[in-house]
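Fold and geometry: a report
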Amino acid sequence: MKKLLWALLFMLVMPTVMAADENIKKVYLNEAIDAALKNNVDLQATRLEGRIAKNNIKTANRLQNPSVDAFYFMGAAGNGEPKQVGLSENIEIAKRSARKKLAESTLKLVEKNIDYSTFDLKMDVREAYINLVATKSILYTLEQQAELQEELLKIAKQRVKIHKAPDIDAMQAEIALNQMITQVNSAKVSVKKALSDFNKVINNPDEVVYDSMDKLFTEENNFEEMMTPPPDSKFPAFEDIVQKALKNRFDIQIAKQEIDVAEKNLTVVARQRIPDLQLTGGYAYQLGKYTDTGNFHNGAYAGASLVNIPLFYNYSPEIQNATIKLQQAELKYVSAKNRAVKDVSAAYERFLTAADNLNHYERKIVVDSEKLIDTSKESYEDGKSDITALIVMKQSYKSIIIGYSQALAEYYNSWTNFLREVNDEDFSLTDNL
């Protein structure tokens, strides 16, 4: 029944994967990051915010468009009044420069948010790549264990055949093999999902399926390819890196820029209280039949007036709200700095713990387990132990190898998490030694 369910699941999953096989592109981590930066649709949309912000500077710095005025009196009213044609222009006082400075500050804020989105995408690619390689490594481990289990089944059948082992040995070996097959099938589905998640992060609209290099976790000296310091490196104390770690945090920079935006917004709002100047001028004429002399009279006219005088409404609510927003921005800045130290500290502690666990796996657990499994296999072949003990030992070894792959994944992910907290993809711990 279980085999039937797995078969049906693979019938649903495999056609999509097979259709994309011709367009699969295997990449290392740095190549995956480059592909995401070049092709990610969400990032492209975010970058357009910068163009909008630049256009808003031009909008903020605009001059008011003039108005065309014409006065033509009809009937008896026109007998003694001149005709007039001219222009009127509203001149903003102390407002245009404030708006422009606000728009320029907003552009800087938008650019910092774009940089943050770009950095965040890089970290998302790292995590998705690591998870994909981890699932592949677990699949590789399970496939190896399945092969060993097949070999064990052959040994058990041979020993049963020559009457050196009971029939139950072969039955136990076959049950263990079938159980391993279901685990391999589950691991294959996990790889398909991790591959899908990886391409979802890259978000390339073209028909290209990006894939990681196979079994990278099983290769030696792969820390450089994974852009991660080796776990046996000498790492500095947190106190030696904390100031450098906090220097580039985007949330602190963004919070600080939001204060600047709020200050300039308060200036813009407060200056609404300053009246504007309206200037008018143009050409006026009067026909001779309406003048005392009987001659055609013409000339110019000019006028000025203050408009938008804050007599009935002085913009107090807007100014109060702008002041509150400035206070909010200042509190957010303080909060960002307070949280930053704790976040970086927790991330670094997680990384050091992951490095310690990985070193323990590499130096003791994996090596000793390989020796133990070889000894147990030889012991069963020589008839010195039963198959149950060997199967239990193999299952324990499988758990250890999978645990080692997970420890590797945790080590790489903990480093990515640390970089995410310090907001610096090129952060070097060795510079602080």
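Here, every reference points to the structure presented above.
Here's a quick rundown of the structure. Every chain is numbered independently, its residues counted from 1 as its sequence is written. Only residues with pLDDT of at least 70 get local features here, since the model is predicted, and only at 80 or more are side-chain atom pairs given and counted; chain-wide, interface and lining totals rely on the full set of residues. As a convention, hydrogens and water are excluded, and side-chain values are obtained from all of the structure's heavy atoms.

Things to note about the overall build of the chain
Scanning the chain for helices and strands turns up 9 helices and 6 strands. Buried positions account for 40% of the 433 residues belonging to the chain. By the convention used here, residues are in contact when the closest approach between their heavy atoms is within 4.5 Å. Sequence-distant contacts, at least 24 apart, represent 82% of the contacts inside the chain between residues at least 6 apart. Within the structure as shown, the chain displays about 24,800 Å² of accessible surface, and the carbon and sulfur contribution to it stands at 54%. Runs of H or I in DSSP of at least four residues are treated as helices and runs of E of at least two as strands, each being numbered from the N terminus. Buried residues are those whose accessible area, probed at 1.4 Å on protein chains only, stays under 20% of the maximum for their type, while exposed residues exceed 50% and partly exposed ones sit between those limits. Per-residue and other accessible areas were derived by the Shrake-Rupley procedure at a 1.4 Å probe size, with only the shown protein chains allowed to occlude residues.

Considering the sheet that holds strand 5 (residues 276-286)
Think of it this way: DSSP has to see at least two bridges between two strands before they count as a pair. In spatial order, the strands read 2-3-5-6; together these 4 strands make up an open sheet with antiparallel pairing. Each having just a single partner strand, strand 2 (67-71) and strand 6 (297-307) make up the two edges of the open sheet. Each neighbouring strand pair of the sheet contributes to a mean axis angle of 20°, computed without reference to strand direction. Of the strand pairs in this sheet, strand 5 and strand 6 are connected by 11 bridges, and their pairing is antiparallel. Of the residues in strand 6, the one forming a bridge with Y285 is N298. Here, axes are lines fitted to C-alpha atoms. For helices the fit covers the stretch in contact, and angles between N-to-C directions go from 0 to 180 degrees.

Looking at the side chain of D251
Considering the arrangement of structural elements, one finds D251 in helix 7 (residues 250-270). Contacts described as polar in this section are N or O atom pairs within 3.5 Å, which, within protein, must combine one atom able to donate a hydrogen with one able to accept it, while residues neighboring in sequence count only if both atoms come from side chains. Engagement of the side chain of D251 in a polar contact is seen with the side chain of R249, the distance being 2.6 Å.

Here's the deal with unusual backbone geometry
Within the chain, N308 stands out as a residue other than glycine whose phi angle is a positive 60°. On the secondary structure map, N308 appears in the loop between strand 6 and helix 8 (316-381). With relative accessibility at 37%, the residue N308 sits in the partly exposed group. We note that N423 has phi near 60°; this positive angle belongs to a residue other than glycine. Inspection of the secondary structure assignment puts N423 in the segment after helix 9 (387-422).

Observations regarding the packing of aromatic side chains
When the centres of two rings from Phe, Tyr and Trp lie within 6.5 Å, Trp using its six-membered ring, the rings pair. Their planes under 30 degrees apart give stacked, over 60 give edge-to-face, and anything left gives tilted. Per the counting criterion, the structure on display carries 17 aromatic pairs. A centroid spacing of 6.3 Å and a plane angle of 35° characterise the contact between F238 and Y348, whose relative ring orientation is tilted. Of this pair, F238 sits in the loop between strand 4 (209-212) and helix 6 (242-247) while Y348 is found in helix 8, placing the two residues 110 residues apart along the sequence. Counting every residue linked through ring pairs, the aromatic cluster contains F223, F235, F238, Y348, F351, Y411, Y412, W415, F418 and F427.

Some details on the packing of helix 4 (residues 96-161) against helix 5 (residues 167-202)
At a minimum axis separation of 8 Å, helix 4 and helix 5 run at an interaxial angle of 165°. Taken together, the axes of helix 4 and helix 5 are roughly antiparallel relative to one another. Where helix 4 crosses over helix 5, the handedness of that crossing is left-handed. Under the convention adopted here, Pro, Cys and the residues Ala, Val, Leu, Ile, Met, Phe, Trp and Tyr are nonpolar, Asp, Glu, Lys and Arg are charged, and Gly plus all remaining residues are polar. Grouping the amino acids of the contact of helix 4 with helix 5 by side-chain chemistry returns 23 nonpolar, 6 polar and 10 charged. Note on angle classes: values under 35 degrees are labelled roughly parallel, values over 145 roughly antiparallel, values of 65 to 115 roughly perpendicular, and the remainder oblique. Crossing chirality is assigned from the near helix's rotation relative to the far helix, an anticlockwise turn below a right angle marking it left-handed and a clockwise turn marking it right-handed.

Some remarks on the packing of helix 3 (residues 41-60) against helix 4
Direction vectors running N to C along helix 3 and helix 4 enclose 170°, while the axes themselves pass 8 Å from each other. Overall, the two elements helix 3 and helix 4 adopt an arrangement that is roughly antiparallel. Residue-level contacts link L43, T46, R47, E49, G50, A53, K54, N56, I57 and A60 of helix 3 to R96, R99, K100, A103, E104, L107, V110, I114, S117, T118 and L121 of helix 4. Of the residues belonging to the contact of helix 3 with helix 4, the class tally is 9 nonpolar, 5 polar and 7 charged.

Regarding helix 5
Given a rise of 1.5 Å per residue, 36 residues ought to cover 52 Å, and the 53 Å separating the end C-alpha atoms of helix 5 matches this to within 8%. One or two steps after helix 5, the chain reaches N203, where phi turns positive at roughly 55°. One fewer than the residue count of a helix, multiplied by 1.5 Å, yields its expected span.

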